Amino acid sequence: MSRIPLIAGNWKMFKTVDETVKYVKELRGLVKDIQGVEIVLAPPFTALHPAAEAARNSNVAVAAQDMFWEREGAFTGEISAHMIREAGAEFVIIGHSERRTLFGETNTTVNRKVLAAFAAGLVPIACIGETLDQRERGETFDVLDRQVQQGLDGVSAERIGQLVIAYEPVWAIGTGRTATSDQAQEAHAHIRSRLRQWFGPEAAEACHVIYGGSVKPDNIRDLIVQPDVDGALVGGASLDIRGFAEIVTKSRASAA
Ligand code: PGA
């Protein structure tokens, strides 16, 4: 298995252009010698292009936090995958639980976005995960199955191999309550077994399944050593540059 750990910082609605450029310039210095980890930062749309410029020729890549599936048109307030690509991003987060619960996103809209992202040359980071109620009712695997099956409908096996899936149990996001490494591994192994079943063994082996939900410098190591945890989507802890750099450092294959 040769999946390089991928650590993505999801800043959500934080940081101005000024703060972003300062952060990226400092981070690229801190991580310049780190090999064997893919490092991604997702600033707000306004800072996307400045972030990509500040990260140019470094080992830091940039992601958008959302996108719309049409290329252009009368869609006030929306941003297309093509525009995101042109701004210098390589990745796009799709279907984050905050988008699902606060902005009405569904597995169907996630699917349209995933297909459009790939068509524009972006790598989607597709987010899935159960709520606390669903977990307590024993529905976790059913929920994940629906999110994977409907969200990835029509995606080719080849593209599944390039995809990043972020497993983010909703009850662990921003709550300080991380899934245990056993809970994470169990969910990730389940997701990968479904990918194997639906898209074939090669796609399942190549696809990154990363964990999100209160990831911090002091819990990343336990998570990253799990065989099916291929990295992390880090929210709150990515706003602090030292903490984020520490998470990156601790995720190196050699460190694990
Ligand atoms: P958190 O957020 O690390 O602050 O829990 C994770 C996410 O929302 O992607």
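Described below are features of the structure shown in this document. Here the structure is a predicted model, which means the values were calculated and not measured.

What counts, and where the lines are drawn
Residues numbered from 1 in each chain as written. Predicted model: local features only at pLDDT ≥ 70, side-chain atom pairs only at ≥ 80, totals over all residues. Heavy atoms only, no water. Helix = DSSP H or I, 4+ residues; strand = E, 2+ residues; numbered from the N terminus. Buried < 20%, exposed > 50% of the residue type's maximum accessible area, 1.4 Å probe, protein only. Contact = heavy atoms within 4.5 Å. Areas by Shrake-Rupley, 256 points an atom, 1.4 Å probe, with all protein chains shown as cover. Near = heavy atom within 4 Å. Polar contact = N/O pair within 3.5 Å; in protein donor to acceptor, adjacent residues only side chain to side chain. Nonpolar A, V, L, I, M, F, W, Y, C, P; charged D, E, K, R; others polar. Expected span 1.5 Å × (residues − 1). Core = buried A, V, L, I, M, F, W, Y, C linked by side-chain atoms within 4.5 Å. Axes fitted to C-alpha atoms, helices over the stretch in contact; angles between N-to-C directions. Left-handed = near helix turned anticlockwise from the far one by under 90°. Pairing = 2+ DSSP bridges. Parallel < 35°, antiparallel > 145°, perpendicular 65-115°, else oblique.

1. Describing the overall build of the chain
Thinking step 1. Secondary structure assignment for the chain yields 12 helices and eight strands.
Thinking step 2. With the C-alpha coordinates aligned to their principal axes, the bounding extent of the chain is approximately 45 × 45 × 35 Å.
Thinking step 3. Each of the 256 residues in the chain was classed as buried or not, and the buried ones make up 52%.
Thinking step 4. Once local pairs closer than 6 in sequence are excluded, the contacts in the chain between residues at least 24 apart make up 72%.
Thinking step 5. Summed over its atoms, the accessible surface of the chain is roughly 11500 Å², and 49% of this surface lies on carbon and sulfur atoms.

2. Notes on the site of the ligand
Thinking step 1. Within the structure, the ligand sits among 13 residues, and Lys12, His96, Glu168, Gly174 and Ser214 are positioned closest to it.
Thinking step 2. Between the ligand and glutamate 168, the relevant distance is 2.6 Å, taken from an oxygen atom to a side-chain nitrogen or oxygen of the residue.
Thinking step 3. Taking glycine 235, its main chain carries an N or O atom lying 2.9 Å from an oxygen atom of the ligand.
Thinking step 4. Look at the ligand: alone it shows 280 Å² of surface, and the protein chains cover 95% of it.
Thinking step 5. Here the residues of the shell around the ligand sort into four nonpolar, seven polar and two charged.

3. Re helix H5 (residues 107-119)
Thinking step 1. Over its 13 residues, H5 runs 18 Å from end to end, which matches the ideal 18 Å to within 8%, given 1.5 Å per residue.
Thinking step 2. Three or more residues of H5 are buried, namely Asn107, Thr109, Val110, Asn111, Lys113, Val114, Ala116, Ala117 and Phe118.
Thinking step 3. Buried residues along H5 sit in contact with helix H3 (81-86), strand E4 (91-94), helix H4 (97-103), strand E5 (123-128), helix H7 (140-151) and helix H8 (157-162).
Thinking step 4. Where H5 ends, the next residue or the one after it, glycine 121, has phi of about 90°, a positive value.

4. Section: unusual backbone geometry
Thinking step 1. Of note, the phi angle at lysine 12 is positive, near 55°, even though the residue is not glycine.
Thinking step 2. Along the chain, lysine 12 turns up in the loop between strand E1 (6-10) and helix H1 (17-30).
Thinking step 3. Non-glycine residue lysine 15 carries a positive phi angle of around 85°.
Thinking step 4. Looking at where lysine 15 falls in the secondary structure, it is placed in the loop between E1 and H1.

5. A word on the nonpolar core
Thinking step 1. With 66 residues, the main nonpolar core has Leu27, Leu152 and Leu195 as its most contacted residues.
Thinking step 2. Residues in contact with leucine 195, not counting those within four places in the same chain, are Val148, Leu152, Ile160, Ile165, Gly200, Ala204, Cys207 and Val209.
Thinking step 3. Core analysis: the next-biggest nonpolar cluster, separate from the first, contains 14 residues, Ala63, Phe91, Ile210 and Leu233 among them.

6. Some thoughts on the packing of H1 against helix H12 (residues 241-250)
For any two helices packed against each other, the geometry comes down to the angle between their axes and how far apart the axes lie.
Thinking step 1. Closest axis-to-axis distance for the H1/H12 pair is 10 Å, and the angle between their directions is 35°. For the element pair H1 and H12, the recorded crossing hand is right-handed. On the side of H1, the interface is formed by Tyr23, Glu26, Leu27 and Leu30, while H12 contributes Ile241, Arg242, Phe244 and Ala245.
Thinking step 2. Considering only residue class, the contact of H1 with H12 consists of six nonpolar, no polar and two charged.

7. Observations concerning the pairing of strand E2 (residues 38-42)
Thinking step 1. Across the five residues that make up E2, a large majority, four, are buried.
Thinking step 2. As paired elements, E1 and E2 share five bridges and run parallel to each other. Its bridge partner lying in E2, asparagine 10 is registered against alanine 42.
Thinking step 3. As defined by bridge partners, E2 adjoins strand E3 (residues 60-64) across three bridges and the pair is classed as parallel.

8. Remarks on the packing of H1 against helix H2 (residues 48-55)
Thinking step 1. Two elements in contact, H1 and H2, have axes separated by 9 Å at closest approach and are oriented at 25°. By the criterion of interaxial angle, the relationship of H1 to H2 is roughly parallel. The hand of the H1/H2 crossing is right-handed. Where H1 approaches H2, its residues Val17, Thr20, Val21, Val24, Lys25 and Arg28 are matched on the opposing element by Pro50, Ala51, Ala54 and Ala55.
Thinking step 2. Considering only residue class, the contact of H1 with H2 consists of seven nonpolar, one polar and two charged.

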